[in-house]
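Commentary on secondary and tertiary structure
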Amino acid sequence: MTHDHGHPHAGVRPDADDTLSYYQVMEVAVRELLVEKGVLSADAVRREVEKMDARSPAQGARVVARAWADPAFKAKLLELGNDALVELGLERGPYKLVVVENTADVHNLVVCTLCSCYPRWLLGLPPDWYKSRNYRSRAVREPRQVLREFGLDVGADATVRVHDSTADMRYLVLPARPSGTEGWSEEKLATIVTRDCMIGVAVPRAGSGPGS
Amino acid sequence: MSAAVTPTGVGARFRRGDRVKVRRADVPGHIRTPWYIRGHTGVIERLCGAYPNPEELAYARSGLPAQPLYRVRFAQAQVWPDYAGRPADSIDVEIFQHWLEPA
């Protein structure tokens, strides 16, 4: 069909996948070669993507809720994080899990300044901002300001501990259990533990669940 | 200093509480020691275990023998001259042994 019909049109916004980056071309080329040579099937690749997308912060929320409800589990989680995951029926994961605990005096924040290291097998894919240069460069240098921009004022009395995931550890923040949640079931506790709470840019509150 | 030996046979030179200085080196390749922490002094928070050297892995080599990896804790106020926070605020970084010297 021609658009040469006498009046101008506003430009059409290009689709996001109109042009491939260098690394996107490389990914397509390697994937197609692996499939052509019978090393992988296209369905196997699709299944892995589907499996990755099915992982979500809800898994991490279960872990946190159990730690709040069960002191023995919490002790194990802080000592041997991966073993604690297996106890809950979750994947052990390909990396060592380091769990850092928020208390009344300490607030923990996780970042990967080099790239985007994140406990993906537990929490799913990281949010886009976690991978941004802005967050990666500023979370280490001015964490209190970054936290304020996320709406969290840690307070002058608390210590801020930043954890830079530069190598083979992956980090999960164990938030402090908020007041007003006494007597809650683990399922109810899990509803207030969001992704951001487990990265450390937010803290759970008794009224912060999605259903509140 | 500890005489502990990691399962791979590479001795762990440091243990929790030891003061260490990060080498101020500028070498090419796939380096996991962030630029901002080079030259700074911190304290070993824990020995994480031994892991294949990423500087070798990146070039399709084995990375073996595995190298001791530590979490090192630094005082934010010492890392950033204009740090606006509490004196106790810290930054923990994972650093391989060959980037650390006794301090």
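Reading guide: rules and limits
- Residues numbered from 1 in each chain as written.
- Chains lettered and ligands numbered in written order.
- Predicted model: local features only at pLDDT ≥ 70, side-chain atom pairs only at ≥ 80, totals over all residues.
- Helix = DSSP H or I, 4+ residues; strand = E, 2+ residues; numbered from the N terminus.
- Rg over C-alpha atoms; globule rule 2.2 N^0.38 Å.
- Axes fitted to C-alpha atoms, helices over the stretch in contact; angles between N-to-C directions.
- Parallel < 35°, antiparallel > 145°, perpendicular 65-115°, else oblique.
- Contact = placed C-beta atoms within 7 Å.
- Core = buried A, V, L, I, M, F, W, Y, C linked by C-beta atoms within 7 Å.
- Buried ≥ 20, exposed ≤ 12 C-beta atoms within 10 Å, placed from the backbone.
- Nonpolar A, V, L, I, M, F, W, Y, C, P; charged D, E, K, R; others polar.
- pLDDT = per-residue confidence, 0-100.
- Pairing = 2+ DSSP bridges.

The subject of this paragraph is the overall build of chain B. In terms of helices and strands, chain B carries two helices and five strands. Helices (α) and strands (β) of chain B occur, in sequence order from the N terminus, as β-β-α-β-α-β-β. Over its C-alpha atoms chain B spans a radius of gyration of 14 Å, differing by no more than 12% from the 13 Å that the globule rule assigns to 103 residues. Along the three orthogonal principal directions, the C-alpha set of chain B runs to about 40 × 30 × 15 Å.

Attention now goes to the packing of helix 3 (residues 57-69) of chain A against helix 4 (residues 71-79) of chain A. Residues and elements named next belong to chain A. For the pair helix 3 and helix 4, interaxial distance at closest approach is 5 Å and the crossing angle is 125°. Accordingly, the angle class assigned to the pair helix 3 and helix 4 is oblique. In this structure, helix 3 uses Val63, Arg66 and Ala67 to contact helix 4, whose residues at the interface are Phe73, Lys74 and Leu77.

Next up on the list: the environment of Val72 of chain B. Residues and elements named next belong to chain B. With respect to the helices and strands, the residue Val72 is situated in strand 3 (residues 67-75). Residues Val72 and Leu47, spaced 25 residues apart in sequence, show a C-alpha to C-alpha distance of 8.9 Å. Beyond its immediate stretch of four places on either side in the chain, Val72 contacts Val20, Gly42, Val43, Ile44, Glu45, Asp92, Val93 and Ile95.

The next point concerns the nonpolar core. By size, the foremost hydrophobic cluster in this structure holds 64 residues, and its most contacted members are Val64, Leu109, Val111, Leu172, Val193 and Met198 of chain A together with Ile95 of chain B. By residue number, the principal contributor to this core is helix 3 of chain A, which donates six residues. When neighbours within four sequence positions are excluded, Leu109 of chain A is seen to be in contact with Ala139, Pro143, Leu147, Val160, Val162, Gly200 and Val201 of chain A.

In this complex, chain A contributes 18 residues to the contact, which on the side of chain B involves 20 residues. Elements with a minimum of two residues in the side of chain A that touches chain B: helix 8 (133-141) and strand 3 (159-164) of chain A. For the side of chain A that touches chain B, the element with the highest residue contribution is strand 3 of chain A, accounting for six residues. Residues that form the side of chain A that touches chain B fall into these classes: seven nonpolar, four polar and seven charged.

A few words on the confidence of the model for chain B. Low pLDDT means the predicted atomic positions in that stretch should not be read closely. Residues and elements named next belong to chain B. With 91% of its residues at a pLDDT of at least 70, chain B reaches an overall mean of 92. Within the model, the stretch residues 1-6 combines pLDDT values under 50 with 15 contacts to residues more than four positions away or in other chains. Interface confidence for the predicted complex, given as ipTM, is 0.92, next to a pTM of 0.89.

Another aspect to go through is the sheet that holds strand 5 (residues 100-102) of chain B. The seven strands are arranged 2(A)-3(A)-4(B)-3(B)-2(B)-1(B)-5(B) in an open sheet whose pairing can be described as mixed. With partners counted over all chains shown, the strands left at the sheet margins are strand 2 (106-111) of chain A together with strand 5 of chain B, one partner each. Strand after strand, the sheet turns through a mean of 35° between neighbouring axes, direction not considered. Where strand 1 (residues 19-22) of chain B meets strand 2 (residues 41-51) of chain B, three bridges bridge the pair, whose relative direction is antiparallel. Paired with Arg19 of chain B across the two strands is Val43 of chain B, which belongs to strand 2 of chain B. The strands touched by helix 8 of chain A are strand 2 and strand 3 of chain A together with strand 4 (90-96) of chain B; relative to strand 2 of chain A, the strand with the most contacts, the crossing angle is about 150°.

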